[in-house]
Amino acid sequence: MSMNDPQRQLIDRAVHLASVLPPGLVQVLADVLAGGAPGAWAELRLRAEQVAPQPHVRALVSNFIRTWQHEAPLLSPGEVAIALRTAAVTTRAARSAQAIELVWTGPLVSELSMRRTDQALLQVINSATQSLLIVSFAVYKIPQIAAALVQAAGRGVTIDICVEAPEPSGQKMAHDTIKALGAEVASRARIFVWPADKRPADSHGHVGLLHAKCAVADRRMLFVSSANLTDHAMNLNIELGVLVQSQAHAVSVATQFERMAEQGVLRHVT
């Protein structure tokens, strides 16, 4: 039997519950619901809320029961319990497939070992085979990074770079970030800026800044860092970031910047 839209909506709710609640709690909820009577919505809601220890958890569980009642009432408690158990298992498997690594530039402590910022960023760039997104506030003196970007372009990688441009930021930047990328990189990548007319401003006329620093390779690897694309950030500053092997998170970040470009929030410059 094919799955209709209401059933899909309920399954989406089950997946959401599994993603935000502890796996053990989802399993307990499934066990409790499985013992309920079909159509006894008040009893099912009471059973479910009794295993929810906190108000926000009870609200999530109550919304789940409400969706079940109004969108897919013909599904039995046993079938809904199976959906919850399946969502919990698949979410746990997805989480175990993710890898998060801390990345650091700064004073070394003998008891700890973390990857350097430049090493992590180069790993992201060198791993790309199809697409690469780079976002940075400042760009200055990055010959090794620039060389890796040129090589990536030579492999056929589509490169999008979002930078803070000096004009809309009120000349706060010490160097023209677009020029600092170098002619070879600029000619092989699409450069985007956040134009002044698209930025919010406060009552004093201060506008927002493009202050994010991240990189995404092939919509599967994500690097988020405090480090700009500068020599100081790679070698002198104290910088902290995370290298995330997660397609879901990488897709979310890449899609955010793609949508901003499509909607004109970010502007392509030549």
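The structure displayed is predicted, hence computed values, not measured ones.

## Side note on the overall build of the protein chain
Next up, step 1: Secondary structure summary: the protein chain contains 11 helices and 10 strands in total.
Next up, step 2: The dimensions of the protein chain, computed from C-alpha atoms along their principal axes, are 70 × 50 × 40 Å.
Next up, step 3: Looking at the protein chain as shown, the accessible area adds up to about 14,300 Å², and 56% of this sits on carbon and sulfur atoms.
Next up, step 4: The protein chain carries 24 positive and 22 negative side-chain charges, and their two centres are separated by 1 Å.

## Focus: empty space enclosed by the protein
Next up, step 1: Following the criterion strictly, the structure yields 2 cavities of 30 Å³ or more and no others.
Next up, step 2: If you add up the space inside the largest cavity, you get close to 80 Å³.
Next up, step 3: If you trace the largest cavity, you find 14 residues lining it, with Leu121, Cys214, Phe223, Ala227 and Leu229 closest to the centre.
Next up, step 4: Listing elements by their share of the lining of the largest cavity, those giving two or more residues are helix 6 (117-127), strand 2 (131-136), strand 6 (214-217) and strand 7 (221-225).
Next up, step 5: Tallying contributions element by element places strand 2 first for the lining of the largest cavity, with 3 residues.
Next up, step 6: The residue makeup of the lining of the largest cavity, split by class, is 9 nonpolar, 4 polar and 1 charged.
Next up, step 7: Of the voids in this model, the second largest cavity is the one considered here, and its volume is about 50 Å³.
Next up, step 8: Sorting the residues of the lining of the second largest cavity by element identifies helix 1 (5-20) and helix 4 (55-71) as the ones contributing at least two each.
Next up, step 9: Residue classes in the lining of the second largest cavity are distributed as 3 nonpolar, 2 polar and 1 charged.

## As for the sheet that holds strand 7
Next up, step 1: The strand order across the open sheet built from 8 strands is 1-9-7-6-2-4-5-10, with neighbouring strands paired in mixed fashion. Each having just a single partner strand, strand 1 (99-105) and strand 10 (267-269) make up the two edges of the open sheet. Within the sheet, the average angular offset between the axes of one strand and its neighbour, ignoring direction, is 20 degrees.
Next up, step 2: As judged from the 6 bridges shared by strand 2 and strand 4 (residues 158-163), these two strands associate in the parallel manner. From the neighbouring strand, Leu132 faces strand 4, where its bridge partner is Ile159.
Next up, step 3: Lying on the sheet, helix 6 is in contact with strand 1, strand 2, strand 6, strand 7 and strand 9 (239-245); it crosses strand 7 at an angle near 150 degrees.
Next up, step 4: Strands strand 2, strand 4, strand 5 (190-193), strand 6, strand 7 and strand 9 of the sheet are contacted by helix 11 (residues 247-262), whose axis makes an angle of about 110 degrees with strand 6.

## Focus: the packing of helix 2 (residues 23-34) against helix 3 (residues 41-50)
Next up, step 1: It is the contact of helix 2 with helix 3, at a shortest axis distance of 9 Å, that shows an interaxial angle of 155 degrees. The angle between helix 2 and helix 3 places the two elements in the roughly antiparallel class. Crossing hand, helix 2 versus helix 3: right-handed. Residues Leu29, Val32 and Leu33 of helix 2 pack against Leu44, Arg47 and Ala48 of helix 3.
Next up, step 2: Taken together, the residues of the contact of helix 2 with helix 3 sort by class into 5 nonpolar, no polar and 1 charged.

Definitions and cut-offs
- Residues numbered from 1 in each chain as written.
- Predicted model: local features only at pLDDT ≥ 70, side-chain atom pairs only at ≥ 80, totals over all residues.
- Heavy atoms only, no water.
- Helix = DSSP H or I, 4+ residues; strand = E, 2+ residues; numbered from the N terminus.
- Areas by Shrake-Rupley, 256 points an atom, 1.4 Å probe, with all protein chains shown as cover.
- Lys, Arg positive; Asp, Glu negative; His and termini not counted.
- Charge placed at Lys NZ, Arg CZ, Asp CG, Glu CD.
- 1 Å grid on protein atoms, 1.4 Å probe; cavity = no way out; pocket = protein on both sides within 12 Å on 5 of 7 lines; lining within 4 Å.
- Points joined across faces, edges and corners; volume = space filled by probe spheres on them.
- Nonpolar A, V, L, I, M, F, W, Y, C, P; charged D, E, K, R; others polar.
- Pairing = 2+ DSSP bridges.
- Axes fitted to C-alpha atoms, helices over the stretch in contact; angles between N-to-C directions.
- Contact = heavy atoms within 4.5 Å.
- Parallel < 35°, antiparallel > 145°, perpendicular 65-115°, else oblique.
- Left-handed = near helix turned anticlockwise from the far one by under 90°.

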